[in-house]
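Residues per chain are reported as follows:
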Amino acid sequence: MSKCLIAPSMLAADFGNLQRDTEMVNQSEADWFHIDVMDGHFVPNISYGMPVIEAIKKHAKKPLDVHLMIEKPERYIEEFARVGADIITVHYESTVHLHRTLRQIKDAGCKAGIVLNITTPISVLEDILPECYMILLMSINPGFGGQKFEEVTYQRVSKLRKMIDDQGLDTRIEIDGGVTDQNIQKLVEAGADTFVAGSHIFKSENPIGTIQRLKALSN
Ligand code: DX5
Ligand code: ZN
């Protein structure tokens, strides 16, 4: 399996000190910036959009992993690519012509991935998997940071790992929501290799140390 990656979620950063927190991630062992975009329709919360992503990009020295929690994401793909997205993931539940949306992401020069809500069956990915750089499995209901990890995630990861291996692919499996040093190893054992963590990192006393621990535990 590929090297495990850590993607701190900037949703949990201090927006008044965005440059400081971006530099912290630059200096840490983290691999990507995880950027949560919420529209108040697909999820009940509104986070931030293009200007804030552009501001992070100005200082970021690592790729931006942009997680779109918005209805009809196909309306904005080129815009997110323009402000600096490197990876764009869209929810299976948010777009009717998923295949076309993935192509659109790739045509915009980004890596493309699909996100599944907790109750969306893994089996829906069967035919579309070869088109994906990554699958993001939600381990909470999307919309807010700081929620409790849902245990059903482990069996979902195993199912997806089997599907990826059966098809001979090297698709990444990313987990988002409630990831901590308590569950990361069990997630790796189930087959995941990419981890988003927001509050666990930013609410800790030593974020750089917390990232280092997550990295060490997963590799
Ligand atoms: C929630 C977002 C997550 C969130 C994770 O909808 O997709 O990326 O920031 O936050 P924690 O790690 O605090 O659960
Ligand atoms: Zn996210």
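Residues numbered from 1 in each chain as written. Chains lettered and ligands numbered in written order. Predicted model: local features only at pLDDT ≥ 70, side-chain atom pairs only at ≥ 80, totals over all residues. Heavy atoms only, no water.

A.B. asks: Explain the packing of aromatic side chains to me, please; I cannot follow it from the model alone.
C.D. replies: The geometry of an aromatic ring pair is captured by the separation of the ring centres together with the interplanar angle, meaning the angle of the planes. Across all of its chains, the model carries three aromatic pairs by this definition. On the numbers, 5.3 Å between centres and 55° between planes, the contact of F149 with Y154 is tilted. Taken as a pair, F149 and Y154 share a single burial class, namely buried. The ring of Y133 carries K111 above its face, with NZ or CZ at 4.8 Å from the centroid. The ring of Y154 carries the charged tip of K186 above its face, separated from the ring centre by 4.2 Å. (Phe/Tyr/Trp six-rings, centres within 6.5 Å; stacked < 30°, edge-to-face > 60°. Buried < 20%, exposed > 50% of the residue type's maximum accessible area, 1.4 Å probe, protein only. Lys NZ or Arg CZ within 6 Å of the ring centre and 35° of its normal.)

A.B. asks: Is there a simple way to explain the packing of helix α1 (residues 18-27) against helix α2 (residues 50-59) in this structure?
C.D. replies: Interaxial distance between α1 and α2 falls to 9 Å at its minimum, and their mutual angle equals 50°. In terms of axis orientation, α1 runs oblique to α2. For the pair α1 and α2, the sense of crossing is right-handed. Contacts between α1 and α2 pair L18, Q19, T22, E23 and N26 from the former with V52, I56 and H59 from the latter. (Axes fitted to C-alpha atoms, helices over the stretch in contact; angles between N-to-C directions. Helix = DSSP H or I, 4+ residues; strand = E, 2+ residues; numbered from the N terminus. Parallel < 35°, antiparallel > 145°, perpendicular 65-115°, else oblique. Left-handed = near helix turned anticlockwise from the far one by under 90°. Contact = heavy atoms within 4.5 Å.)

A.B. asks: Explanation requested: the nonpolar core in the structure shown.
C.D. replies: A general trend in soluble globular proteins is that nonpolar side chains are found buried together. Ranked by size, the top nonpolar core spans 62 residues in total, and within it M10, I35, F80, L125, I175 and F195 carry the most contacts. The element contributing the most residues to this core is helix α5 (residues 153-166), with five residues. Once you skip the residues sitting within four places of it in the chain, F80 turns out to touch V37, M50, I53, V66, L68, I70, A85 and I88. Core analysis: the next-biggest nonpolar cluster, separate from the first, contains six residues, L5, A7, I87 and M134 among them. (Core = buried A, V, L, I, M, F, W, Y, C linked by side-chain atoms within 4.5 Å.)

A.B. asks: I keep staring at the coordination of the zinc ion (ligand 2) and nothing clicks. Help me out?
C.D. replies: Under perfect tetrahedral coordination by four donors, a metal shows angles of 109.5 degrees; under perfect octahedral coordination by six donors, it shows angles of 90 or 180 degrees. Every protein donor of the zinc ion (ligand 2) is accounted for by H34 (NE2), D36 (OD), H67 (ND1) and D176 (OD), and the metal-donor separations fall at 2.0 to 2.3 Å. Around the zinc ion (ligand 2), the six donor atoms are arranged such that angles at the metal cover 70 to 166°; this shape is classified as octahedral. (Donors = N, O, S within 2.8 Å, 3.2 Å for Na, K, Ca; no water. Tetrahedral: all angles 85-135°; square planar, octahedral: opposite > 155°, others 65-115°.)

A.B. asks: Honestly, helix α4 (residues 98-107) in this entry has me stumped. Any pointers?
C.D. replies: Residues of α4 that are buried include every one of L98, T101, L102, Q104 and I105, and no others. For α4, the arc enclosing every buried residue in end-on projection is 155°, short of the 170-degree limit, so these residues lie on one face. In α4, the exposed positions angled more than 90 degrees off the buried face are occupied by R100 and D107. In this fold, the buried residues of α4 make contact with α3 (77-82), β4 (87-91) and β5 (111-116). Looking one or two places after α4, you find G109, whose phi comes out positive at around 95°. (Arc of directions from axis to C-beta.)

A.B. asks: Would you mind showing me how to read the site of ligand 1 here?
C.D. replies: What surrounds ligand 1 is a group of 21 residues, the closest being S9, D36, D176, G198 and S199. The side chain of D36 places a nitrogen or oxygen atom 2.8 Å from an oxygen atom of ligand 1. One of the backbone N or O atoms of G146 is found 2.9 Å from an oxygen atom in ligand 1. Surface burial for ligand 1 is 98%, taken as the share of its 380 Å² of free accessible area covered by protein chains. Judged by its atoms lying within 2 Å of the grid points, ligand 1 is housed in the largest pocket. Here the shell around ligand 1 is built from residues that sort into nine nonpolar, 10 polar and two charged. (Near = heavy atom within 4 Å. Polar contact = N/O pair within 3.5 Å; in protein donor to acceptor, adjacent residues only side chain to side chain. Areas by Shrake-Rupley, 256 points an atom, 1.4 Å probe, with all protein chains shown as cover. 1 Å grid on protein atoms, 1.4 Å probe; cavity = no way out; pocket = protein on both sides within 12 Å on 5 of 7 lines; lining within 4 Å. Sits in = over half its atoms within 2 Å of the grid points. Nonpolar A, V, L, I, M, F, W, Y, C, P; charged D, E, K, R; others polar.)

A.B. asks: In this structure, what is going on with the sheet that holds strand β6 (residues 134-138)? I would like to understand it.
C.D. replies: Consider a sheet: its strands pair through backbone hydrogen bonds, and that pairing is either parallel or antiparallel. Taken in spatial order, the eight strands of this open sheet run β1-β8-β7-β6-β5-β4-β3-β2, and their pairing is parallel. Since the sheet does not close on itself, it has two edges, and those belong to β1 (5-8) and β2 (33-38), each with one partner. Taken pair by pair, the neighbouring strands of this sheet meet at an average axis angle of 25°, ignoring direction. Inspection of the sheet shows β1 paired to strand β8 (residues 194-197) by four bridges, in the parallel sense. When the bridges of β8 are listed, I6 appears paired with F195. Packing of α5 onto the sheet brings it into contact with β5, β6 and β7 (172-176), and relative to β7 it is tilted by some 165°. Lying over the sheet, helix α8 (residues 207-218) contacts β1 and β8, oriented at roughly 150° with respect to β1. (Pairing = 2+ DSSP bridges.)

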